[in-house]
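# Analysis of the macromolecular model
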Amino acid sequence: MKVPRPHSSLRLAWFTAATIMALLGASLLYAGHRPRTQEKNSAGATAADDQSTSLNDQTDLAVTVYNSNIALVRDVRQLLLPAGPLRLKFMDIAATVNPATVHFRSLSEPEKLGVIEQNYEYDLLEPAKLLHKYVGKEVTLVRSYQENGTTKREEVKATLLADNNGPVWKIGHDIVTGMYAESYRFPEVPANLFDRPTLLMSLENSGARKHQIEASYLAGNLSWNADYVLTVARDDKAADLDGWVTLANNSGTAFHNARLELVAGDLNRLPVGGRTDAMEMRAMAKAAPAANFQQESFSEYHLYTLGRRTSVEDKETKQISLLQGSGVPVAKVFVVNGQNFYYHNQYNPGSPQKDPVMVFYKFKNEEKTGLGMPLPAGNVRVYQKDSKGGVLFIGEDHIDHTPKDETVTVHIGNAFDVIAERKQTDYKRIDTHVWEMEFEISLRNHKDAPISVEVNEPIGGDWDMLSSTYKFTKTAAWAAQFRVPVDRNGTSVLKYRIRARW
């Protein structure tokens, strides 16, 4: 049976649930690139006279990335500009640019090319914004219907009356709501919508047509951090240290063939309003034989300059070799830290209290070990070979900025085979503010090699050591430190008595 095609006036209200669901995913089309309506700007130039520049004009690019999620971009381009007032579209900039930091100048004739005003356009072309810009204007609606078992399309001219929580159309004498069409056809792209972030500059050129210009600006969402891999030998005596720079670009643009600089240090920044995980290292990734970065002091920071050009795509994380040290002497340190509250009350005399035995690796950042470069703050992953030659992950830690010739300390976790038990064997009040206390700390080593355990006791107050079974060092006004050797599969007992005044 042939189903008659609905009358055109009825078709305006012809909706089904399936049709509406299909229309919600409809694509938006615009027909061609017709000339835009000419608009006057403050320099007297019209939109039709706009000059534009893209990456095709770029002759040099330098990116300096700080470890505080900002970067300084210096973009050099070769341009041909007409004399007199003009408007320049400076395209292919970072979407996270801070417009207040833009500095634009001619390198060839700086006194002949002046900036009258500049605007940052970040209202980017997208379906919803394009539709909203056409409120009060005519749009061609394209929809399909079934007739005699075939799909046909029709085009209807409609005026968009409003676009608030959905479009409102005027079609003929009818007002129609909802997603009436599968797609829309627009006669042109509005002048205030851009396909990418753009700086619009009103310029005055009183010099030659040919200019080499530089635009510099600060951009956000560009960051870097250092990652290190410390591979410790089986005997815990030496290690290889590989340093990597992990660079993350989420600025909204790519940087091709750029000179890359990294700044390490604690940069002071003012609070601002408005718009404002690194890749995991592989244990056995090896750095290039030659150092990639040259390092120098810069104000109160350190500057690392990559000795070659590189490219960083938008939404990309890149890793670049920073340093490589082989056979770096390391020391494995076992540490027991007491708690301050142990010394301020009677603590279950005779009842043992277990303290964790923390494990650290220490090495010196010095040139003779293949290091000596100031180390930026970052994460250190530690690996060690097992008895079969395989490499296992044994812990990780974060280190702060470390100058050359300073010691790096990496905490990898707590010891499994070393036990520390303490008990308070005496607690006596001598006077109103004077107490005497005695402690006994048992250290049991179940390893097949002798170790030394560093015991740190935060006594506090005005204290005197009355007796101790091992020599102590007063490491601070309120603390004492003992170094206790423990034989393999053996036990050592540290006993000491203090008098404290609070």
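Report follows, based on the coordinates.

The rules we used
By convention here, each chain's residues receive numbers from 1 onward along its written sequence. Restriction of local features to residues with pLDDT of at least 70 applies here, the model being predicted, together with a cutoff of 80 or more for giving and counting side-chain atom pairs; totals for whole chains, interfaces and linings are based on all residues. Side-chain measures here rest on the full set of heavy atoms in the structure, leaving out hydrogens and waters. Counting from the N terminus, the helices are DSSP H or I runs at least four residues long and the strands are E runs at least two residues long. Two residues qualify as a contact provided that any one of their heavy atoms is within 4.5 Å of a heavy atom in the partner residue. A pairing counts as a salt bridge when a side-chain nitrogen of Lys or Arg comes within 4 Å of a carboxyl oxygen of Asp or Glu. Relative accessibility thresholds used throughout: buried, under 20% of the residue-type maximum; exposed, over 50%; partly exposed, between the two (1.4 Å probe, protein chains only). The term polar contact refers here to a pair of N or O atoms within 3.5 Å; inside protein, the definition further demands a hydrogen-donor-capable atom paired with an acceptor-capable atom, and it admits residues adjacent in sequence only when both atoms are side-chain atoms. Note on aromatic contacts: the rings of Phe and Tyr and the six-membered ring of Trp form a pair at centre separations within 6.5 Å, being stacked when their planes are under 30 degrees apart, edge-to-face when over 60 apart, and tilted otherwise. Over a ring means this: the NZ of a Lys or the CZ of an Arg is within 6 Å of the ring centre and within 35 degrees of the ring normal.

## Observations regarding the environment of Arg488
In this fold, Arg488 is placed in the loop between β32 (479–486) and β33 (490–501). With sequence-adjacent residues up to four places away left out, Arg488 is seen in contact with Asn445, Lys447, Asp448, Ala449 and Pro450.

## Considerations on the environment of Leu86
Looking at the secondary structure, you find Leu86 in strand β5 (residues 84–91). Along the backbone, Leu86 and Ser202 are 116 residues apart, and their C-alpha atoms lie at a distance of 5.9 Å.

## Examining the pattern of salt bridges
On inspection of all chains with the given rule, the structure shows 22 salt bridges. The partner of Arg444 in a salt bridge is Glu421, and the shortest N-O contact between them spans 3.4 Å. In this pair, Arg444 sits in strand β28 (residues 434–445) while Glu421 sits in strand β27 (residues 418–431), placing the two residues 23 residues apart along the sequence. Relative accessible area serves as the criterion here: at 25%, Arg444 is assigned to the partly exposed category. Several salt bridges converge on common partners, so that one network encompasses Asp426, Glu436, Glu438, Arg497 and Arg499.

## Looking at the environment of Thr64
Examined against the element boundaries, Thr64 turns out to sit in strand β3 (residues 58–66). Take Thr64: its relative accessible area is 4%, and that puts it in the buried class. Residues Thr64 and Leu222, spaced 158 residues apart in sequence, show a C-alpha to C-alpha distance of 9.6 Å. If we skip the residues at most four places from it in the chain, Thr64 touches Ile70, Ala71, Leu72, Arg74, Glu261 and Val263. Separated by 3.5 Å, the side chains of Thr64 and Arg74 make a polar contact.

## A look at the packing of aromatic side chains
Counted under the stated rule, the structure contains seven aromatic pairs. Summarising the aromatic geometry, the rings of Phe90 and Phe104 are spaced 6.3 Å apart at their centres and angled 85° between planes, so their arrangement reads as edge-to-face. One end of the pair, Phe90, is in strand β5; the other, Phe104, is in strand β6 (residues 103–106), and 14 residues separate them in sequence. Aromatic ring contacts, followed pair by pair, group Phe439, Trp463, Phe472, Phe482 and Tyr496 into a single cluster. One Lys or Arg, Arg77, reaches over the ring of Phe90 and ends 4.0 Å from the middle of that ring. Sitting above the plane of the Trp463 ring, Lys474 keeps its charged end 5.1 Å from the centroid.

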